[in-house]
Amino acid sequence: MAKVLVTGGLGYIGSHTVVTLLQQNFEVVIVDDLSNSQASVLDRVEQISGQRPPFYQLNLCDESAVEQMFDKEPGIDSIIHFAASKAVGESVAKPLLYYKNNLLSLIHLLEQMNQRGITDFVFSSSCTVYGQPDKLPVTEQSPMKPAESPYGNTKQVGEQILQDACRAYPSLQVIALRYFNPVGAHESALIGELPTGVPNNLVPFITQTAAGLRPQLKVFGQDYDTPDGTAVRDYIHVVDLAEAHEIALRRLMNDKQKENFEFFNIGTGEGHSVLEVVKTFEKVNDLSLNYELADRRPGDVEQVYADTHYANTELGWKATRNLEEMLTSAWKWQKRISQ
Ligand code: UFG
């Protein structure tokens, strides 16, 4: 049984991936500093999977804590690295915190891998590395654009560090997954997204508005060059995303890589506008949402959606859950946590 370290394993995408891995009989070790997650998520993971993986509460910037954790958990074969700060706006206000949290943690993990002969690594990257692509849908060959924020830059630099490390250490095997917009929750509604404070992202804002926690949703931008004037994104169900990590891990374990640094777009390949998301949410959950059209949000791109051909054919992964399923599961989760 392969032993996988999942950093940020109690966070939104991390917890769904931990559940998928446990259900597929991987042995899992979780590291999380609880800066944007809660210890109780471990109870939920156990409730769903019947297993309670060992959990270490630590920040990966703390080098000696990282070293001690690896000492206590011999035999780790691979790492899925989610732990990172991810709020775009906060990263503009606190760039040093973002560079430290997102890059120092990565370097500490890579150093430990080198010292201990661990070879397999899956990295959480983002479609943010493409900025506003010149051509849509965006393929893996699209050039990276200068990052819009320190957060986005940490993903670009993170990939660069991994690419350089793969060149220098040929035994290292890395897959970066470039997520589009993860939404939705596990069908049990026991785990899901737990935003702290006012949500920045669309779907948590929608569900909190529907739950009466926010008075009104603002639809940012109504004059984009899109069919209904609102911005277009590629929303991906978090459970599909979790499954992409398991498949990436198996690719590394089975030595199937074409090169030792690979990257894949993880989206559905379909673009949906903000208004389409709002209307689908209303329809599938049979409710009406209080929203108004508002000005554009600074820094937003007009539209981005994935060409998933390479992920489908080469990685052997394809999203199977549609927007309706994303939005029913998101609402079921919101109802459970706001009870
Ligand atoms: N939106 C609204 N109202 C809201 C929140 C969002 O209209 O209250 C709109 C946004 O303006 C955007 C769309 O909904 O057009 C999606 O916004 P999100 O914030 O949900 O997602 P983004 O595409 O902006 O963010 C994603 C990832 C980030 C990443 C970013 C890079 O979630 O991790 O892309 O641009 F950094």
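The paragraphs below set out a description of the structure included in this document. Note that the structure is predicted; figures quoted are calculated from it, not measured.

What the protein chain contains, in helices and strands, is eleven helices and 13 strands. Compactness check: the protein chain gives a C-alpha radius of gyration of 19 Å against a globular reference of 20 Å for 339 residues, within 12% of the reference. Taken over the C-alpha atoms alone, the protein chain extends approximately 55 × 45 × 40 Å along its principal axes. Every one of the 339 residues in the protein chain was classed for burial, and the buried ones make up 53%. Put simply, 80% of the contacts in the protein chain that link residues at least 6 apart link residues at least 24 apart. Across the protein chain, the centroid of the 29 positively charged side chains sits 2 Å from that of the 43 negatively charged ones.

Another point: the packing of aromatic side chains. Applying the stated criterion to the full structure yields three aromatic pairs. Ring plane angle 45° and centroid distance 5.7 Å describe the contact between Phe261 and Phe263, whose orientation is recorded as tilted. You can call Phe261 buried: its relative accessible area is 7%. An angle of 20° between the planes, with centres 5.0 Å apart, marks the rings of Phe264 and Tyr310 as stacked. In this pair, Phe264 is assigned in strand β11 (residues 261-266) and Tyr310 in helix α10 (residues 309-315), connecting sequence segments 46 residues apart. A relative accessible area of 28% means that Tyr310 is categorised as partly exposed.

Okay, the site of the ligand next. Around the ligand there are 18 residues in total, and Leu202, Lys218, Phe220, Arg233 and Asp300 lie nearest to it. In this structure, an oxygen atom belonging to the ligand sits 3.4 Å away from a main-chain N or O atom of Asn200. Leu202 has a polar backbone atom sitting 2.8 Å from an oxygen atom of the ligand. Its free accessible area being 690 Å², the ligand has 88% of it covered by the protein chains. Among the elements of the structure, α7 (202-210) and β8 (217-220) are those that each provide at least two residues to the shell around the ligand. Looking at the shell around the ligand element by element, the count peaks at four residues for β8. When its residues are assigned to classes, the shell around the ligand shows ten nonpolar, four polar and four charged.

Rules used throughout
- Residues numbered from 1 in each chain as written.
- Predicted model: local features only at pLDDT ≥ 70, side-chain atom pairs only at ≥ 80, totals over all residues.
- Heavy atoms only, no water.
- Helix = DSSP H or I, 4+ residues; strand = E, 2+ residues; numbered from the N terminus.
- Rg over C-alpha atoms; globule rule 2.2 N^0.38 Å.
- Buried < 20%, exposed > 50% of the residue type's maximum accessible area, 1.4 Å probe, protein only.
- Contact = heavy atoms within 4.5 Å.
- Lys, Arg positive; Asp, Glu negative; His and termini not counted.
- Charge placed at Lys NZ, Arg CZ, Asp CG, Glu CD.
- Phe/Tyr/Trp six-rings, centres within 6.5 Å; stacked < 30°, edge-to-face > 60°.
- Near = heavy atom within 4 Å.
- Polar contact = N/O pair within 3.5 Å; in protein donor to acceptor, adjacent residues only side chain to side chain.
- Areas by Shrake-Rupley, 256 points an atom, 1.4 Å probe, with all protein chains shown as cover.
- Nonpolar A, V, L, I, M, F, W, Y, C, P; charged D, E, K, R; others polar.

The values are spatial; any link to function lies outside them.
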